[in-house]
Amino acid sequence: MSTNPLPTDKPAVVTCGLPYANGNLHIGHMRTYVSGDALSRSLRKLGQKTAFVCGSDMHGTPVAVNAWKEGKSPREFALFWHEKYKQTFLGMSIEFDNYGHTDDETNTMLTREIVRKLDDSNHIYDKKILVAWDPVEDQPLPDRYVEGTCPHCGATARGDECDDGCQRHLEPGEVLNPKSIITGNEAEYRNKSHKFFRISDFQNYLQGFINRLEGTTNAKNQPREWIDGSLHDWCITRNIDWGISYPSDEKTDLVLYVWVDAVVEYISSTKQYSDRVGSTLFDWEEAWKQDGEIIHVIGRDIIQHHAVFWPAMLHGSGYSEPRAIMATGFVNLNKKAFSTSRNRAIWVDDYFSEDFDPDLLRYYLVTVGSLQDDIDFSWANFADKVNGELVGNIGNFLYRSMLFAQREYGGAPEKQVSKEVQDRIQEAIVEFSNSINNYSLRNSALSGAKLAQYGNAYIQQNEPWKLLKNNPDLAAQIIRDCVQICKAVCILLSPTMPNTTQKLWEEMGEFGSIHQVTLSESLESPPLSFEPPSEPFMPIDDKKIKKLDNKLEQQITSPSNPEKQSLVSQDNGQKRIPFEHFQKLDLRVGKILTAKEISGSEKLLKIEVDIGSETRQIVAGIRKFYSPDDLIGKSVVVITNLEKATIFGTESNGMILAAGDTADLLTTYANSPPGEKIR
RNA sequence: AGCGCGAUAGGAUAGCCAGGAUAUUCCGCCGGGCUCAUAACCCGGAGAUCGGUGAUUCAAAUUCACCUCGCGCUACCA
């Protein structure tokens, strides 16, 4: 990277944090991608050679777990979302020069090559750690494959994090009563050898790097705690069979941790772009190995990965470091965080289904607040912004000016642009360019919006409609100025609103793509003839907002999860559960071996049941209806993965199913043996 | 708990790094103008002592210290 102002003569790469191929995208996600898209378009406006790349993040435990839940292979599952994302980005006019995925050949090769280099230069070592294991299936249970009790707060927690309770990170071996989330089997911890990346080797380097790094202040400061403190080495392998296998001469069944190959996709995707268009148009090696301008646009939750692990990996394997990290804040919904599990979100598909132009949301996301701050979305705010700024100000100015010009002069009047207007446009160009160099997309977009505002005041105060009779020469001059402003406004806003500005560009009689021209074109003469313009933006009326708010309200109060939505329906007022909820129950045939009364209790029996793999002790409230002797040898249905309970001082490890108030025991029709799974 | 980011009129938001006199802009509100334009546009007005306390300074929204609240990160969450 360089510290010269942009544009430089080096190629630039703009990347966005990889979407994890695990479910639908909402407008909060879009903030990162719209910002990346607007940034790369803006850089090109400055004349910077730029590649805008990204890809889907395919690997990792959550994909594997969710694929398993849907009965699909991880690859099939992740590819489904990968294809879906491509459509989503297309719909939002987010145009990557290359959009790959982490499971493709380029990334697999490049990732292994980079890791091998780190290994060869002795930055990687082996260390034995505790790994949760399913002893019955003889399977490792990494990260989220394990569930248990949080040792800190007692809530149900995943193996890696107490996600429902105190949010604390959990080390392997910490979670109590660990169980496999797949089989429900109790997990045990085994000592396994894993690969560790010695980040401490790079402490000095990183301390220099973080001082050079440009971008948002959160990205520049947050990693200092680690970099200036002590750097822990990073475990970069996992025991699952979904991922990129560890590059090694010895035989290994380790795969790389998803965060290793995810970031390498930035390089891989650039390489694919180069390979496609040829290295004269864009040379990926020049960008990544000879100090190109690499700019990462990410969500502020993944700063450490990009400002600590990633530069260390790059530096250790001979690649250039990023110039800037732009970490976006989150998008809140009516002041509260999005919650995908509660369906408290505006999904991009929902936005599309309302037939809104993507430009409206793009403008909203870019201009509503500073990039690194959290912003709020509500349909009312959205409509305010569209109606006030886009329809009333920008759209109105463009429309009234171009309509006037077309009607009276058939296009731009044959006059020279006035000094005043030329200077004002020049000022906007400088503002745009400075904003990009300060990594403020908001200000870069506002340079165009403010110019339109100036235009409205300019036309209003000069009243060319009055001048037409008394001073037609001056009227023509004023309108010529306005058309020039229109042209400049379109160019300045084209990174934020690519569709609308392209349409206006054509209506203005310009040829080709507005995205090919640079800022200086703003001062070139507009065409002398063009067709009548159309209205660039349509207002959103109150009824529509109410409708959208109601829809959102309904969506939030309904209990469904977005991914499960299609499986959930209301029927006879009864709540339906998705099939996978049923799948979570481990129901098995059991054979009652012994049954004893529990002294002091009128209702309870202590029962030992053979469930095939083991004998379970279960406490059942059926003493009133059965004598212990009658029960022995009976086949029953047992929930085996119910959490343990202590009833009347006796441990109960499961539940025997019975019907109605008389505890009519459920049994099998034929003679399935104990342990048979019920489905 | 530690660290990071943030808190500015009724709502939203700029300025903070490089301290300077009436704190920006938008929505809403009040008054006026215009009629080319999508009841859009333009001009004027009211409304914030800039989360709290203290310090530095001729001067603090801006620097420093402490505190409160919100959000995030804390390495095995992608």
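Parameters at a glance
Residues numbered from 1 in each chain as written. Chains lettered and ligands numbered in written order. Predicted model: local features only at pLDDT ≥ 70, side-chain atom pairs only at ≥ 80, totals over all residues. Heavy atoms only, no water. Near = heavy atom within 4 Å. Polar contact = N/O pair within 3.5 Å; in protein donor to acceptor, adjacent residues only side chain to side chain. Helix = DSSP H or I, 4+ residues; strand = E, 2+ residues; numbered from the N terminus. Pairing = 2+ DSSP bridges. Contact = heavy atoms within 4.5 Å. Expected span 1.5 Å × (residues − 1). Bend = angle between axes of the 7 residues up to and from the residue. Buried < 20%, exposed > 50% of the residue type's maximum accessible area, 1.4 Å probe, protein only. Right-handed = clockwise from strand over helix to strand, strands pointing away. Salt bridge = Lys/Arg side-chain N within 4 Å of Asp/Glu carboxyl O. Phe/Tyr/Trp six-rings, centres within 6.5 Å; stacked < 30°, edge-to-face > 60°. Lys NZ or Arg CZ within 6 Å of the ring centre and 35° of its normal.

Chemist: For the protein's contact with RNA strand B, give the residues involved together with the corresponding values.
Modeler: Contacts to RNA strand B come from 63 residues, most closely from Ile129, Arg144, Trp234, Trp259 and Ser370. Among all atoms of RNA strand B positioned within 4 Å of the protein, those belonging to sugar or phosphate total 72%. Between RNA strand B and Asn396 there is a distance of 2.8 Å, counted from a sugar or linking oxygen to a side-chain nitrogen or oxygen. Within the residue set of the surface near RNA strand B, elements represented by two or more residues are α6 (217-221), α7 (224-227), β11 (234-235), α8 (258-277), α10 (303-316), α13 (379-409), α15 (441-462) and α16 (464-470). With ten residues, α13 is the largest single contributor of residues to the surface near RNA strand B.

Chemist: Help me get a handle on the pairing of strand β23 (residues 615-620), residues and values and all.
Modeler: Two elements, strand β22 (residues 605-610) and β23, share six bridges in a ladder whose sense is antiparallel. Paired with Asp610 across the two strands is Thr615, which belongs to β23. Taking the residues between adjacent antiparallel strands as the criterion, β22 and β23 are bridged by four residues, where Gly612 takes a positive phi near 90 degrees.

Chemist: Outline the sheet that holds β22, listing residues and values.
Modeler: Across the sheet, five strands lie side by side as β23-β22-β21-β24-β27; this open sheet has antiparallel pairing. Across the chains shown, the open sheet's two edge strands, defined by having one partner strand only, are β23 and β27 (655-656). Across six bridges, strand β21 (residues 587-597) lies against β22 in antiparallel orientation. Looking at the pairing, Lys596 lines up with Lys606 of β22.

Chemist: Kindly report on the side chain of Gln48, identifying the contributing residues and their values.
Modeler: Relative to the elements of secondary structure, Gln48 occurs in the loop between α1 (27-45) and β2 (50-56). In this structure the side chain of Gln48 is engaged in a polar contact, spanning 2.6 Å, whose partner is the backbone oxygen of Lys10. Discounting chain neighbours no more than four positions away, the residues touching Gln48 are Leu6, Pro7, Thr8, Lys10, Pro11, Ala12, Leu43 and Glu293.

Chemist: Describe the environment of Ala620, and please don't skip the residues or the numbers.
Modeler: Within the secondary structure, Ala620 sits in strand β23. Between the C-alpha atom of Ala620 and that of Leu604, which follows or precedes it by 16 residues, the distance is 5.5 Å.

Chemist: So what's going on with α15? Which residues, and what values?
Modeler: Over its 22 residues, α15 runs 32 Å from end to end, which matches the ideal 32 Å to within 8%, given 1.5 Å per residue. Ser447 marks the point of greatest bend in α15, at about 25 degrees. A positive phi of about 45 degrees marks Glu463, the residue just after α15.

Chemist: How would you sum up the pairing of β2? Please name residues and give values.
Modeler: Of all seven residues in β2, seven are buried; the element is thus mostly enclosed. Relative to β2, strand β1 (residues 12-16) runs parallel, the two sharing four bridges. Within β2, the residue paired with Val13 across the bridge is Ala51. Where the polypeptide runs from β1 across α1 and back to β2, its parallel neighbour, the crossover connection is right-handed. Two strands pair when backbone bridges link them, and β2 and strand β3 (residues 98-101) are joined in this way by four bridges, in the parallel orientation. Across the sheet, Gly55 pairs through a bridge with Gly100, a residue of β3.

Chemist: Could you give an account of the pattern of salt bridges, naming the residues involved and the relevant values?
Modeler: Throughout the structure, instances matching the rule amount to 27 salt bridges. Across the pair Glu83 and Lys86 runs a salt bridge whose closest N-O atoms are separated by 3.6 Å. With Glu83 and Lys86 both in helix α3 (residues 74-91) and three residues apart, the pair spans about one turn of that helix. Overall, Glu83 belongs to the partly exposed group, its relative accessible area being 41%. Of the charged contacts, one joins Glu521 and Lys487 as a salt bridge, the two residues approaching to 3.0 Å between their closest N and O atoms. Here Glu521, found in the loop between α18 (498-507) and α19 (542-557), pairs with Lys487, found in helix α17 (residues 472-493); they are 34 residues apart in sequence, far enough to count as distant. Lys487 sits in the buried class, given a relative accessible area of 0%. Taken together, the shared-partner salt bridges in this structure form one network comprising Asp37, Arg41, Glu95 and Arg362.

Chemist: Give a detailed account of α1, specifying residues and quantitative values.
Modeler: If you check α1, its first and last C-alpha atoms are 26 Å apart, about what 19 residues at 1.5 Å a residue would give, namely 27 Å. Taking burial as the measure, the 19 residues of α1 include 17 buried ones, the bulk of the element. Directly after α1, the chain includes Gly47, whose backbone phi takes a positive value near 95 degrees.

Chemist: Account for the packing of aromatic side chains, naming residues and giving values.
Modeler: Geometrically, a pair of aromatic rings is defined through the distance of the ring centres and the angle of the planes. Summed over all chains, the structure comprises 27 aromatic pairs. Consider the rings of Tyr351 and Phe356, whose centres lie 5.4 Å apart with planes at 35 degrees: the pair is tilted. A ring pair is formed by Phe356 and Phe382, whose centres lie 5.5 Å apart and whose planes are at 70 degrees; its orientation type is edge-to-face. With Phe356 in the loop between α11 (348-353) and α12 (358-367) and Phe382 in helix α13, this pair connects stretches of sequence that are 26 residues apart. For Phe356, a relative accessible area of 11% translates into the label buried. Through a chain of ring-to-ring contacts, three or more aromatic side chains come together here, namely Tyr351, Phe352, Phe356, Tyr364, Phe377, Trp379 and Phe382. Lying across the ring of Phe356, Lys544 places its NZ or CZ 5.2 Å from the centre.

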